[in-house]
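# Analysis of the macromolecular model
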Amino acid sequence: MLESILELSNSAFLPSDAVLSDTWRELKHRCELIQPLVSDCEVGPPQLLVVGQSNSGKSSLINEMLEH
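Residues numbered from 1 in each chain as written. Predicted model: local features only at pLDDT ≥ 70, side-chain atom pairs only at ≥ 80, totals over all residues. Heavy atoms only, no water.

### Some details on the overall build of the protein chain
Quick note on the threshold: A run of H or I in DSSP counts as a helix once it spans at least four residues, and a run of E counts as a strand once it spans at least two, with each numbered from the N terminus. Only protein chains enter the accessibility calculation, which uses a 1.4 Å probe. A residue is then buried if its area is under 20% of the maximum for its type, exposed if over 50%, and partly exposed in between. All accessible areas in this document rest on Shrake-Rupley with a 1.4 Å probe, and a residue is counted as covered only by the protein chains that are shown.
Check the secondary structure of the protein chain and you find three helices and zero strands. Counting from the amino terminus, helix and strand elements in the protein chain follow one another as α-α-α. Relative to its 68 residues, the protein chain shows a buried fraction of 0%. A total of about 7,000 Å² of accessible surface is found on the protein chain, and carbon and sulfur atoms cover 61% of it.

Shown next as structure tokens:
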């Protein structure tokens, strides 16, 4: 009985095959739209973005990492 309830509750939250198929098609379409933009990007030096509050030591962290 408990196993049946668990199976039912798990399947209730899984998207249908149709929804998954539509999602996959949409994702593929978006990738196709982005691909030319990515291909046109110039390749340059790697960049690193560090997000955080002001005066929280971000620069000190980066400088310490670069020194070692």
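Moving on from the model shown.
### A closer look at unusual backbone geometry
With a phi angle near 60°, N55 is a residue other than glycine that sits in the positive phi range. Counting through the fold element by element, N55 comes out in the loop between α2 (17–40) and α3 (58–67).

### Concerning a nonpolar patch on the surface
Selection criterion: Patch membership requires over 30% relative accessible area and the absence of a salt bridge. Like charges are linked within 9 Å, and nonpolar side chains (Val, Leu, Ile, Met, Phe, Trp, Tyr) within 5 Å. Note on definitions: salt bridges are taken to be side-chain nitrogens of Lys or Arg within 4 Å of carboxyl oxygens of Asp or Glu.
On the surface, L33, I34 and V38 cluster together into a nonpolar patch covering about 280 Å² of accessible area. Note that V38 resides in helix α2.

### Brief notes about the pattern of salt bridges
Evaluation of the coordinates by the stated rule reveals two salt bridges. A salt bridge links R25 to D22; the shortest N-O distance between them is 2.6 Å. With R25 and D22 both in helix α2, this residue pair falls three residues apart, about one helical turn. For D22, a relative accessible area of 45% corresponds to the partly exposed category. The salt bridge involving R30 is made with E26; its shortest N-O contact spans 2.8 Å. Separated by four residues within a single helix, R30 and E26 lie in helix α2, roughly one turn from each other.

### Concerning the confidence of the model for the protein chain
As a reminder, the rule being used: The quantity known as pLDDT measures the predictor's confidence residue by residue, on a range of 0 to 100.
Scored by pLDDT, the protein chain comes out at a mean of 75, with 74% of its residues at no less than 70. When mean pLDDT is taken per element in the protein chain, α3 scores highest with 86 and helix α1 (residues 2–12) scores lowest with 55.

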